[in-house]
Amino acid sequence: MLKESIFIVNQLNKEPFLKNLTFPSFEALSPLTLLEVLNEVLTEIQPKNTEIIQDKTDEERVQEMINLLSMLEYEPIKECCDLQAIREGLDTNDKVVIYAILFWLLQDVSTLKRKAYLSQFTCEIEVPEFLHHDETLYIYSNKQKEQIQKFQQTFVMYEDLQPLSVSKNNAVVENRTMQNNKCSLLKQKEMLHKELESLVKSPDILLKASRQLRLERERAKLVARQTTEQEEQLSQAQKRVSELEEQTKGHLVAGDNAADLIVELRNEIEANTVKVMEKLPTELEKMRKEVDALQKLAEMPVVTAAQLLEMKNQIQDVTSKIHKRTVKIIIDQSCEEDRLKSIREKASAIHQTNNLKAQELQDLKDRLAFVERKAKILEAEKDKTGPSDVQRKLERMAFVKKKDQSQTTCAN
């Protein structure tokens, strides 16, 4: 009881009540004054609950309070326990009953206010049982239920959107900041206008600067394009050199006439290096001079349409020359590849003929050694036997030799 009383005093001293009570002064309140305090709390929760005490009889006052508490789902009334005790306590202004009601009401006033507001629109009208068969009342009761559901959904949406709404003070602050930002932006606008007017007074400077910027951008693009082309040519040359080195290594491993091939390849590499290191730089230097001359023409202050057309034609001629020279370089590279291919084919043919000749020479050497051995054997037998036997062996050897020659010719 003591804790409940202290809690009630603390809540009544806060907004929106602001009673400035103390615990002894609250305990000293008369029953009628305590009932007025309860009426103020109920009026704060349900604003329509005004003048319950003054304008109504005791029974009506007690019944209306019980109806409001039941609508707010006061737990003792909701559980239907001690309802008669609550009725009697409100009728006799019992402090125990009033303290319990105040303690329950002051725990969460905002939730109870929301519940009381919703109960005004969500209370269904009870239809007596003897009128349930009436179709009109049945239709209207269903419509009432639908409207209640719609209202509940709309209220939930309103509560979701309510935190996003801007209060009056926030709106005033934002408006003030926006006005300050507007003033600063207007000042910046005036400064930019002044700068623009000062620039407009000297248009020659702007035109010259824009022309110089355009020329610098074109020059940068040209240099970047030339750099990429030179890098591509250099990479192709490096790939070609690596391929030629691998080919020479393969020829050395194969045991061909490597010295002559290496000499030819070195001559070709020297010719290609002369082209790349001497001819191409001179050609590129000539092209750069032409481009510089064209740029000087472009930098002239007054340029007519005829001069522009002439410059475009010159640029097209230079680009066509560059294209022709690049095509020529590519054709020369393809011719070099064809020449190397023919040299490789000749080297492989020479290698095959050398192998065949070496094989034939080895066969002849074997045959000569065999004949020499036979001759030695015949001379030894000639000393031992007579001339007739030797003559027969010589004829047999001549026959075998002729037969071998006929077989070799057939095989060839």
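Residues numbered from 1 in each chain as written. Predicted model: local features only at pLDDT ≥ 70, side-chain atom pairs only at ≥ 80, totals over all residues. Heavy atoms only, no water.

Under an unreviewed UniProt entry, the protein has the name Intraflagellar transport protein 81-like protein and belongs to Takifugu flavidus. UniProt, in its Sequence similarities (unreviewed entry) section for the protein, records the words "Belongs to the IFT81 family." (UniProt positions renumbered as here; feature names shortened; annotations may be inferred.)

**Some words on the overall build of the protein**
In terms of regular secondary structure, the protein is built from 14 helices and zero strands. Expressed as a percentage of the 412 residues in the protein, the buried residues total 19%. For the protein, the proportion of contacts with a sequence separation of at least 24, taken over those separated by at least 6, is 63%. Roughly 31300 Å² of accessible area belongs to the protein as shown, and the carbon and sulfur atoms make up 57% of that amount. (Helix = DSSP H or I, 4+ residues; strand = E, 2+ residues; numbered from the N terminus. Buried < 20%, exposed > 50% of the residue type's maximum accessible area, 1.4 Å probe, protein only. Contact = heavy atoms within 4.5 Å. Areas by Shrake-Rupley, 256 points an atom, 1.4 Å probe, with all protein chains shown as cover.)

**Brief notes about the packing of helix α4 (residues 58–71) against helix α6 (residues 83–91)**
Between α4 and α6, the shortest axis-to-axis distance is 9 Å and the interhelical angle comes to 130°. Between α4 and α6, the angle falls in the class oblique. Handedness of the α4/α6 crossing: right-handed. Along its contact with α4, which presents D58, R61, V62, Q63, M65 and I66, the element α6 presents L83, R87, L90 and D91. Per-class residue counts for the contact of α4 with α6 are five nonpolar, one polar and four charged. (Axes fitted to C-alpha atoms, helices over the stretch in contact; angles between N-to-C directions. Parallel < 35°, antiparallel > 145°, perpendicular 65-115°, else oblique. Left-handed = near helix turned anticlockwise from the far one by under 90°. Nonpolar A, V, L, I, M, F, W, Y, C, P; charged D, E, K, R; others polar.)

**A look at a negative patch on the surface**
There is a patch of like negative charges on the surface, built from E59, E60, E88 and D91. Elements represented by at least two residues in the negative patch include exactly α4 and α6. Summarising the element assignment, E59 is placed in helix α4. (Patch = residues over 30% accessible without salt bridge, like charges linked within 9 Å, V, L, I, M, F, W, Y side chains within 5 Å. Salt bridge = Lys/Arg side-chain N within 4 Å of Asp/Glu carboxyl O. Lys, Arg positive; Asp, Glu negative; His and termini not counted. Charge placed at Lys NZ, Arg CZ, Asp CG, Glu CD.)

**Some words on the UniProt feature "coiled-coil region" (unreviewed entry) in the protein**
Feature annotation in UniProt places "coiled-coil region" (unreviewed entry) on residues 354–381, given in this structure's numbering. Along residues 354–381, the helical share is 100% and the strand share 0%, with 41 Å between the first and last C-alpha atoms.

**Thoughts on helix α7 (residues 95–105)**
Among the residues of α7, those classed as buried are V97, I98, Y99, I101, L102, W104 and L105. N-cap assignment for α7: the residue whose side-chain oxygen lies 3.4 Å from the backbone N of V96 is D94. (Polar contact = N/O pair within 3.5 Å; in protein donor to acceptor, adjacent residues only side chain to side chain.)

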